Amino acid sequence: MTRQNFIDRLRAGLAGLPTPAIADAVADYETHFDDASAAGRDEAAVAAALGDPDRLARELRAEIGLRRWEAERNPSAAANAVFAVLGLGAIDILILLPILLWVGGVLLGFYIASVALFGVGGVLMVAGPFVIHAAPVLALVLAGLGLMAGGASLTALATIGSVGCINALVWYGRLHMRLLKPALDAQGIVG
Amino acid sequence: MVEAVQVQLKKGVLELCVLALISRADAYGYEIASRLAEGIEMGEGTIYPLMRRLQAEGLVETYLVESTAGPSRKYYRLTKAGAARFDAQKTEWTAFSAAVNAILGGAQ
């Protein structure tokens, strides 16, 4: 493999990440090639010694994705971190997917319930006094407000739960980068 | 199989070796990669994702040094947290390897 091949495959593997992050990662390997050729080493030998660029790109992508999630807690960073962790190896997906689906379903249920609660509260507060004549107006408005507040706090709880889940996933991802990944690498080298 | 165990062992102690190397003197990427590849045969490219992780964990930090030939070079140095981690891991490794050696010696 030539230097250009190696860099191209690395770039392809990192595609989709923020441009500065790709530039940083590629610069590390460009400098490595420069230093190696200054030391009189052959380009192809250096590329071989570096290892598989696709696998290196996956490791870098996971590291960058996890770091982004730790820096900025938003849905896009969360999705990135989750996919980066899943991209580390097929074994992770098989173990994680059922758990992820279950946890995701429960959280989705909480979100839907809280939205419904909020909606019912709103309707009760606004339309209640006109439709239900048996109860005093103030009681209906307060009951509606109470339901809306309940819905809002349920949303907050579900959000805290979601952040906690992604944090757990990130922790799991780091653990696997250290423990599981070497086992997969070993298979590649032996096989 | 023996090869697989070797690779796992090497990867496991890689972080410790990198910390040890930088604790002696600040170093740049190629230096670290080639020194380690020399000592414990392994993919040199693995160093860079590892350096990124160590940096993200605040164990190492980087600074640029002007180079006479070509662009400026990125050096890595150990932070206080990195030095503390190195001491802890070194102690752990010494105790662990002593225990393994004692068992290996006893088996002969």
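Scroll up for the structure.
Residues numbered from 1 in each chain as written. Chains lettered and ligands numbered in written order. Predicted model: local features only at pLDDT ≥ 70, side-chain atom pairs only at ≥ 80, totals over all residues. Heavy atoms only, no water.

**So, the overall build of chain B**
Selection criterion: Put simply, DSSP H or I for four residues or longer makes a helix, DSSP E for two residues or longer makes a strand, and each gets a number counted from the N terminus. The rule is simple: take the accessible area with a 1.4 Å probe, protein chains only, and divide by the maximum for that residue type; under 20% is buried, over 50% is exposed, in between is partly exposed. What makes two residues a contact is simply this: any of their non-hydrogen atoms within 4.5 Å. Per-residue and other accessible areas were derived by the Shrake-Rupley procedure at a 1.4 Å probe size, with only the shown protein chains allowed to occlude residues.
Check the secondary structure of chain B and you find 4 helices and 3 strands. Sorting the 108 residues of chain B into buried and exposed places 39% on the buried side. For chain B, long-range pairs separated by at least 24 residues make up 51% of all intrachain contacts whose partners lie at least 6 apart in sequence. On chain B, roughly 6,200 Å² of surface is accessible, and the fraction owed to carbon and sulfur atoms is 57%.

**Digging into the overall build of chain A**
Each helix and strand in chain A was counted, giving 8 helices and 0 strands. The buried share of chain A, taken over its 191 residues, is 36%. Residue pairs in contact within chain A that sit at least 24 positions apart in sequence constitute 66% of those at least 6 positions apart.

**Some points on the packing of helix α1 (residues 3–14) of chain A against helix α4 (residues 53–71) of chain A**
Residue and element names in this part refer to chain A. The condition is simple: Angles shown run from 0 to 180 degrees and are taken between the N-to-C directions of axes, each axis being a line fitted to C-alpha atoms and, for helices, limited to the stretch in contact. Should the near helix be turned anticlockwise from the far one by less than a right angle, the crossing is termed left-handed; should it be turned clockwise, right-handed. Gly counts as polar in this scheme, as do all residues outside two lists: the nonpolar Ala, Val, Leu, Ile, Met, Phe, Trp, Tyr, Cys and Pro, and the charged Asp, Glu, Lys and Arg.
Following both chains from N to C, one finds α1 and α4 inclined at 40°, their axes separated by 8 Å at the closest point. Regarding α1 and α4, the two cross each other, and that crossing is right-handed. Contact residues: Phe6, Arg9, Leu10, Gly13 and Leu14 in α1; Pro53, Asp54, Leu56, Ala57, Leu60 and Arg61 in α4. Its residues placed into classes, the contact of α1 with α4 shows 7 nonpolar, 1 polar and 3 charged.

**Quick look at the pattern of salt bridges**
Our working rule: We count a salt bridge whenever a side-chain nitrogen from Lys or Arg sits within 4 Å of a carboxyl oxygen from Asp or Glu.
This model, assessed by the stated rule, comprises 14 salt bridges over all chains. One salt bridge in this structure joins arginine 41 of chain A and glutamate 44 of chain B, with 3.0 Å as the shortest N-O distance. In this pair, arginine 41 of chain A sits in the loop between α2 (19–38) and α3 (43–50) while glutamate 44 of chain B sits in the loop between α2 (29–39) and α3 (47–56), so the two residues belong to two different chains. Owing to a relative accessible area of 27%, arginine 41 of chain A belongs among the partly exposed residues under this scheme. On the basis of relative accessibility, which here comes to 6%, the residue glutamate 44 of chain B falls in the buried class. Arginine 85 of chain B is paired through a salt bridge with glutamate 57 of chain B; the nearest N and O atoms lie 3.2 Å apart. Separated by 28 residues along the polypeptide, arginine 85 of chain B in helix α4 (residues 80–107) and glutamate 57 of chain B in the loop between α3 and β2 (60–65) bring together distant segments of the chain.

**Some remarks on a nonpolar patch on the surface**
This is how the line gets drawn: Within the patch definition used here, like charges are joined within 9 Å and nonpolar side chains (Val, Leu, Ile, Met, Phe, Trp, Tyr) within 5 Å, considering only residues with over 30% relative accessible area and no salt bridge.
A contiguous nonpolar surface patch, about 400 Å² in accessible area, is contributed by Trp93, Phe96, Val100 and Leu104 of chain B. Tracing the sequence through the fold places phenylalanine 96 of chain B in helix α4.

**Details of the environment of leucine 107 of chain A**
Residue and element names in this part refer to chain A. The topology assignment puts leucine 107 in helix α6 (residues 90–131). Classification of leucine 107 as buried rests on a relative accessible area of 15%. Counting along the chain gives 55 residues from leucine 107 to serine 162, while the straight-line C-alpha distance between them is 7.1 Å. For leucine 107, the contacting residues outside a window of four places in its chain are Ala158, Gly161, Ser162 and Cys165.

**Quick notes on the packing of aromatic side chains**
The following threshold applies: Centres within 6.5 Å are what make two rings of Phe, Tyr or Trp a pair, Trp counting through its six-membered ring; a difference in plane orientation under 30 degrees is then read as stacked, over 60 as edge-to-face, and the rest as tilted. The criterion is that NZ of a Lys, or CZ of an Arg, lies within 6 Å of the ring centre and within 35 degrees of the ring normal, and then a charge sits over that ring.
Following the criterion strictly, the structure yields 6 aromatic pairs over all chains and no others. Note on phenylalanine 6 of chain A and phenylalanine 33 of chain A: the rings are 5.6 Å apart at their centroids and 70° apart in plane angle, and the pair reads as edge-to-face. Of this pair, phenylalanine 6 of chain A sits in helix α1 while phenylalanine 33 of chain A is found in helix α2, placing the two residues 27 residues apart along the sequence. One exposure class covers both phenylalanine 6 of chain A and phenylalanine 33 of chain A, and it is buried. Chaining the aromatic ring pairs together yields one cluster made of Phe6, Tyr29 and Phe33 of chain A together with Tyr48 of chain B. Over the face of the ring belonging to tyrosine 28 of chain B we find arginine 73 of chain B, whose NZ or CZ atom lies 3.9 Å from the ring centre.

**Digging into α3 of chain A**
Residues and elements named next belong to chain A. Heads up, the rule is: Here, the arc refers to the directions that run from the helix axis to the C-beta atoms.
Where α3 is concerned, the buried positions are Val46, Ala47 and Leu50. Down the axis, α3 shows its buried residues gathered within 100° of arc, on one side only. Buried positions along α3 lie against α1, α2 and α4. Immediately downstream of α3, the backbone of glycine 51 shows phi near 105°, a positive value.

Nothing here speaks to function; it is geometry throughout.
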